[in-house]
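Spelled out from the first residue to the last, the chains are:
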Amino acid sequence: MSVREKKVAVYRKEHFNAAHRIFNPAWDDGKNAEVFGKCSNPNYHGHNYELIVKVTGVPDPETGYVMDMKVLSRITAEEVLERFDHKNLNLDTVEFKDLNPTAEHIAVVIYDLLRARIDEKLELQVRLYETERNFVEYPAD
Amino acid sequence: MVYLTRLEHFNAAHKLYNPGWSREKNEEVFGKCANENWHGHNYDLYVTIKGDPDPDTGFLFDVKKLSQIIKDQVIEKVDHRNLNLEVDFLKGKMCSTENLAIGIWQQLVPHLPEEIKLHCIKLYETPRIYVEYFG
């Protein structure tokens, strides 16, 4: 296989911060507190989220790029940062109006938002750090 | 003189909002940090003490005890909290990282033994923004 046919993954790192509360509206306050502990604080808490967007494909024969990183950066800023940065995920976003804003769900929502804007022939994966020690990936391998 | 640092973490919601100003003025000065529905951060807290090592233990101070004091006096009060609404030592103050660092200093000093001097509170609001307070 020639160099020009090999798949390469490119990554873009972004960050945003937000308030949230882990809360299941079908449960009473007692059950929410029991299951989610302090993450369910009715007055919210917050995180610095780090997002790594991974795009995989064969570099374009004319540009040598899998994807223009400026374009990936702009799409991520438009779809993710403008929606979620300095927001309350429970109160300020339509995406989490009826969806518990766990890191798992946030990663899937971000994937869907980006997937719609990135060439279908490229593979996409997102990794989301909620803290330095807790992170999730979607799709799972 | 030796300096010893203990690192702790917490996360919290807050907003930068001066209740004496109009909403427009708050948005003008604090931008998206003034979002009335809050936003939040993972904070990294570096507490540095200074002094001379004890000749018998070789320790400046038992770091397990230091960790417990920080947990009891600071982390318990701020972790997974809303800094504007739920933290007694920030009541009536602007919830900036600067004021939070000063408040943490004031929380810790009364609980440290007299021979141990607090040297610095270094508080990261994001991996790219931090403040230092030396008392």
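The structure under discussion appears in the preceding block.
Just so we're clear, the structure is a prediction, and the values are computed from it rather than from any experiment. (Residues numbered from 1 in each chain as written. Chains lettered and ligands numbered in written order. Predicted model: local features only at pLDDT ≥ 70, side-chain atom pairs only at ≥ 80, totals over all residues.)

Chemist: Please clarify how the overall build of chain A should be interpreted in this entry.
Modeler: Secondary structure summary: chain A contains four helices and five strands in total. Traced from its N-terminal end to its C-terminal end, chain A shows the element sequence β-α-β-α-β-α-α-β-β. For chain A, the spread of C-alpha atoms along the three principal axes comes to 60 × 25 × 25 Å. Every one of the 141 residues in chain A was classed for burial, and the buried ones make up 30%. At a minimum sequence separation of 6, the contacts of chain A that also span at least 24 residues come to 70%. (Helix = DSSP H or I, 4+ residues; strand = E, 2+ residues; numbered from the N terminus. Buried ≥ 20, exposed ≤ 12 C-beta atoms within 10 Å, placed from the backbone. Contact = placed C-beta atoms within 7 Å.)

Chemist: Explain the sheet that holds strand β2 (residues 45-57) of chain A to me, please; I cannot follow it from the model alone.
Modeler: Residues and elements named next belong to chain A. Spatially, β3-β1-β2-β4-β5 is the arrangement adopted by the five strands of the open sheet, whose pairing is mixed. The open sheet has two edge strands, β3 (87-88) and β5 (135-138), and neither has a second partner. Two strands pair when backbone bridges link them, and strand β1 (residues 8-20) and β3 are joined in this way by two bridges, in the parallel orientation. Of the residues in β3, the one forming a bridge with alanine 18 is lysine 87. On the sheet, helix α4 (residues 103-115) packs against β2, β4 (123-129) and β5 and is oriented at approximately 145° with respect to β4. (Pairing = 2+ DSSP bridges. Axes fitted to C-alpha atoms, helices over the stretch in contact; angles between N-to-C directions.)

Chemist: What am I meant to see in the sheet that holds strand β3 (residues 81-82) of chain B here?
Modeler: Strand pairing within a sheet occurs via backbone hydrogen bonds; the two strands may be parallel or antiparallel. Residues and elements named next belong to chain B. With mixed pairing, five strands are arranged side by side in an open sheet as β3-β1-β2-β4-β5. This sheet does not close on itself; its edge strands, each paired only once, are β3 and β5 (129-133). One ladder, built from five bridges, connects strand β4 (residues 117-126) with β5; its direction is antiparallel. Within β5, the position partnered with threonine 126 by the bridge is isoleucine 129. Each of β1 (2-14), β2 (39-51) and β3 is contacted by helix α2 (residues 63-78), which is oriented at about 20° to β1, the strand it contacts most. Helix-sheet contacts for helix α4 (residues 97-108) involve β2, β4 and β5, and the interaxial angle to β4 is about 145°.

Chemist: Sorry if this is basic, but what is going on with unusual backbone geometry here?
Modeler: A negative phi angle is the norm for most residues apart from glycine, just as the trans form is the norm for most peptide bonds. For the bond running from Tyr138(A) to Pro139(A), omega is -5°, close enough to zero to count as cis. Its place among the elements puts Pro139(A) in the segment after β5. Phi at Trp38(B) takes a positive value of approximately 80°, unusual for a residue other than glycine. Mapping Trp38(B) onto the fold places it in the loop between α1 (23-30) and β2. By C-beta crowding, Trp38(B) is classed as buried, having 28 other C-beta atoms within 10 Å. Backbone geometry places His80(B), a non-glycine residue, at a positive phi of 60°.

Chemist: Please explain the interface of chain A and chain B as it appears in this structure.
Modeler: You'll often see interface size given as the accessible area lost when the parts meet. Taken together, the contact between chain A and chain B spans 19 residues of the former and 19 residues of the latter. If you list the elements that add at least two residues to the side of chain A that touches chain B, you get β1, β2, β3 and α3 (89-92) of chain A. When the residues that make up the side of chain A that touches chain B are grouped by side-chain class, the tally is five nonpolar, ten polar and four charged. (Nonpolar A, V, L, I, M, F, W, Y, C, P; charged D, E, K, R; others polar.)

Chemist: Got a minute to help me understand the pairing of β1(B) in this structure?
Modeler: Look at any regular strand and the pattern is simple: side chains alternate between the two faces of the sheet. All names here are of chain B. Judged from the 13 bridges that link them, β1 and β2 form a sheet pairing that is antiparallel. Opposite threonine 5, over in β2, you have threonine 48 as the bridge partner. In this structure, β1 lies alongside β3, joined through two bridges in parallel fashion. Counterpart to alanine 12 in the pairing with β3 is arginine 81.

Chemist: Got a minute to help me understand the nonpolar core in this structure?
Modeler: Grouped burial of nonpolar side chains is what soluble globular proteins tend to show. If you look at the biggest cluster of nonpolar residues, it comprises 45 residues, and the most contacted ones within it are Ile110(A) and Leu83(B). Ranked by residues supplied to this core, first place goes to α4(A) with five residues. Non-local contacts of Ile110(A), meaning those with residues more than four positions away in its chain, are made with Leu51(A), Val80(A), Val126(A) and Leu128(A). (Core = buried A, V, L, I, M, F, W, Y, C linked by C-beta atoms within 7 Å.)

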